[in-house]
Amino acid sequence: MSASSGTAPDPAAARRLGQLLAGAEAKAVADRLTAGDTLTAALRVVAQGQRAEARALLQAACPADAWRGWAVGLLRAIEGSRSLTRSLDPLWTMPGHLARGGPLHSSVTHLVDGARHAVTCSTFNMQRTSGLWEALRLAARRPEVGLRVYLDTQAADGNPRAWSPSTAEVAAHLHPGAVLRTTTFDGGPVRNHAKFLAIDHRFLLVTSANFSWSAEYGNVELGVLVDDPNLTEAVEAEMRRAEDVLYERVS
């Protein structure tokens, strides 16, 4: 495989590629190119909807006469840059607007609204009163954003209430996003008590709050927002590894 016939590398393409690829994706593509794979084969580790853009950006960012070496070097730079922790911020909810730190309720919707290509959400209890109920629906309908949501089956389906949608209702509301619910393990139900929001494989919000109005406005809740691609990708990968054993896709 050769690069495009353009003579001058495009710095803007390199910057855009760094925004598009997660660190783990950049590493995997670089590893495959180093092993001698074609670009088509190497890009199979990238989400299908992003492969065409990644190919075009790699071709534009690297000179044709030394394309493979430049491409591997660029991908390694992206891998390294995304491994740095950039910030760590506490987010609070308290009754009566007593919290002096960043507001948890507005931060969660802001993060989802600003997502460019990926949102992963895990919660014990999701309610229609949560700001995320509408924010996630809008994200799911953006074709460039991949949405993945993990739910606790007993919390959603065990005691149905008007404000607490079932897993099937969540899946319908968030179509075409992927909604997964807990199954059983060793003869007992699995509890999904992990509460986090991952955005673009970079930002990770870990919180004590369920996604409900009371948790986002009335309770005393603490969340920590981390800008750390390596950590965020590791959390998402751990959930994906557990899917076949602990979760099932809601159709």
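Quick caveat, the model's predicted, so the values are computed rather than measured.

**Considerations on the packing of aromatic side chains**
The relation between two aromatic rings is expressed through the spacing of the ring centres and the mutual angle of the planes. In the structure shown here, the tally under the stated rule is one aromatic pair. Between the aromatic rings of Tyr150 and Tyr247, the centroid separation amounts to 5.1 Å while the plane-to-plane angle is 70°, which identifies the pairing as edge-to-face. Taken together, the positions of Tyr150 in strand 4 (residues 146–151) and Tyr247 in strand 11 (residues 247–249) put the pair 97 residues apart, joining distant regions of the chain. Judged on exposure class, the residue Tyr150 and its partner Tyr247 are both buried.

**Some thoughts on unusual backbone geometry**
Following His175, the chain continues to Pro176 via a peptide bond in cis, the omega torsion being 10°. Tracing the chain through its elements places Pro176 in the loop between helix 9 (167–173) and strand 5 (178–182). The phi angle at His201 is positive, at roughly 55°, despite the residue not being glycine. Tracing the backbone through its elements, the reader meets His201 in the loop between strand 8 (196–199) and strand 9 (203–207).

**Notes on helix 2 (residues 23–34)**
The terminal C-alpha atoms of helix 2 lie 16 Å apart, and with twelve residues this matches the ideal 16 Å at 1.5 Å per residue to within 8%. Of the positions making up helix 2, those classed as buried are Gly23, Glu25, Ala26, Val29, Ala30 and Leu33. Along the axis of helix 2, the buried positions cluster into a sector of 165°, meaning they face one direction only. Its buried side turned inward, helix 2 meets helix 1 (11–20), helix 3 (39–42), helix 5 (67–81) and helix 11 (229–246). One or two steps after helix 2, the chain reaches Gly36, where phi turns positive at roughly 100°.

**Some thoughts on a nonpolar patch on the surface**
Together, Leu88, Leu222 and Val224 give the surface a local cluster of nonpolar side chains, amounting to about 240 Å² of exposed area. Position of Val224 among the secondary structure elements: in strand 10 (residues 221–227). When its relative accessible area of 31% is taken as the criterion, Val224 is described as partly exposed.

**A look at the side chain of Thr167**
Inspection of the secondary structure assignment puts Thr167 in helix 9. Given a relative accessible area of 1%, Thr167 falls into the buried group.

**Remarks on the environment of Val245**
Here Val245 is to be found in helix 11. For Val245 and Phe185, which are 60 residues apart along the polypeptide, the C-alpha to C-alpha distance reads 7.6 Å. When residues no more than four places from it in sequence are discounted, the contact partners of Val245 are Thr183, Thr184 and Phe185.

**Quick word on the pairing of strand 9**
Sheet analysis places strand 8 next to strand 9, joined by four bridges and oriented antiparallel. What sits directly across from Leu197, in strand 9, is Leu205. Linking strand 8 to strand 9, which pair antiparallel, is a turn of three residues; within it Asp200 sits at a positive phi near 55°.

**A look at the confidence of the model for the protein**
When pLDDT is averaged along the protein, the result is 88, and 92% of the positions lie at 70 or above. Of all helices and strands in the protein, the one with the weakest mean pLDDT is strand 2 (residues 102–103) (64), whereas strand 5 scores best (98). Below pLDDT 50 for its whole length, residues 1–6 participates in twelve contacts with residues either more than four positions away or in separate chains.

**Details of the nonpolar core**
In this structure, Val112, Val119, Leu136 and Leu197 are the most contacted members of the largest nonpolar core, which totals 31 residues. Residue assignment for this core shows that the elements contributing at least two residues are helix 6 (104–113), strand 3 (118–122), helix 7 (131–140), strand 4, helix 9 and strand 8. Sorting elements by how many residues they give to this core places helix 7 first, with six residues. If sequence neighbours within four positions are ignored, Val119 has contacts with Val112, Leu136, Val145, Gly146, Leu147, Arg148, Leu197, Ala198 and Ile199. Counting residues in each nonpolar core, the second largest holds 23 residues, with Leu33, Ala42, Trp67 and Ile78 among its members.

Conventions and cut-offs
Residues numbered from 1 in each chain as written. Predicted model: local features only at pLDDT ≥ 70, side-chain atom pairs only at ≥ 80, totals over all residues. Heavy atoms only, no water. Phe/Tyr/Trp six-rings, centres within 6.5 Å; stacked < 30°, edge-to-face > 60°. Helix = DSSP H or I, 4+ residues; strand = E, 2+ residues; numbered from the N terminus. Buried < 20%, exposed > 50% of the residue type's maximum accessible area, 1.4 Å probe, protein only. Expected span 1.5 Å × (residues − 1). Arc of directions from axis to C-beta. Contact = heavy atoms within 4.5 Å. Patch = residues over 30% accessible without salt bridge, like charges linked within 9 Å, V, L, I, M, F, W, Y side chains within 5 Å. Areas by Shrake-Rupley, 256 points an atom, 1.4 Å probe, with all protein chains shown as cover. Salt bridge = Lys/Arg side-chain N within 4 Å of Asp/Glu carboxyl O. Pairing = 2+ DSSP bridges. pLDDT = per-residue confidence, 0-100. Core = buried A, V, L, I, M, F, W, Y, C linked by side-chain atoms within 4.5 Å.

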